[in-house]
Amino acid sequence: MKQDAILKVIAKDLGSIELTQLNALFKTDTFNHIKYKMTGKKLGHLGYTVNIKNITKDGLKVFLANKVKLIKFEDIEQFEKAKPRVERPRPRGVASVPAKSR
């Protein structure tokens, strides 16, 4: 996917396409990070749901579990804002099943 197409998706949420402005916004302490979902053949077909740390000329630096990873623009096939998780309520009258004792 091209850099321009990814920046357009980010611009819908943040209102800017310039790299310097976006990177400065990502570095502020008060910024509430937005999660994005990206998929691609090299990323595995399930893809990643990530927070963006920085945007470079080559790709996106994103937060994964406990590290920062650079994902190149050419590896991304689909990029969109992640949908929020919906908590599933437990049905009434259903108790949790205890683990088997050894």
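All of these numbers come straight from a predicted model, not from anything done at the bench. (Residues numbered from 1 in each chain as written. Predicted model: local features only at pLDDT ≥ 70, side-chain atom pairs only at ≥ 80, totals over all residues. Heavy atoms only, no water.)

## Examining the sheet that holds strand 2 (residues 44-55)
Piece 1. Strands sit in the order 4-3-2-1-5 across an open sheet of five strands; the sheet is antiparallel. Two strands lie at the open edges of the sheet, namely strand 4 (67-72) and strand 5 (78-81), each paired on one side alone. On average, each strand axis in the sheet is inclined to that of its neighbour by 45°, with strand direction left out of account.
Piece 2. By the bridge criterion, four bridges tie strand 2 to strand 3 (residues 59-64) in an arrangement that is antiparallel. By the bridge assignment for strand 3, I55 is matched with L60.
Piece 3. Here helix 1 (residues 3-14) sits on the sheet and contacts strand 1 (35-40), strand 2, strand 3 and strand 5; the angle it forms with strand 5, its principal contact strand, is near 0°. (Pairing = 2+ DSSP bridges. Helix = DSSP H or I, 4+ residues; strand = E, 2+ residues; numbered from the N terminus. Axes fitted to C-alpha atoms, helices over the stretch in contact; angles between N-to-C directions. Contact = heavy atoms within 4.5 Å.)

## Description of the confidence of the model for the protein
Piece 1. Averaged over every residue, the pLDDT of the protein is 84; residues scoring 70 or more account for 84%.
Piece 2. Taking the mean pLDDT of every element in the protein, the minimum, 86, falls on strand 2 and the maximum, 92, on strand 5. (pLDDT = per-residue confidence, 0-100.)

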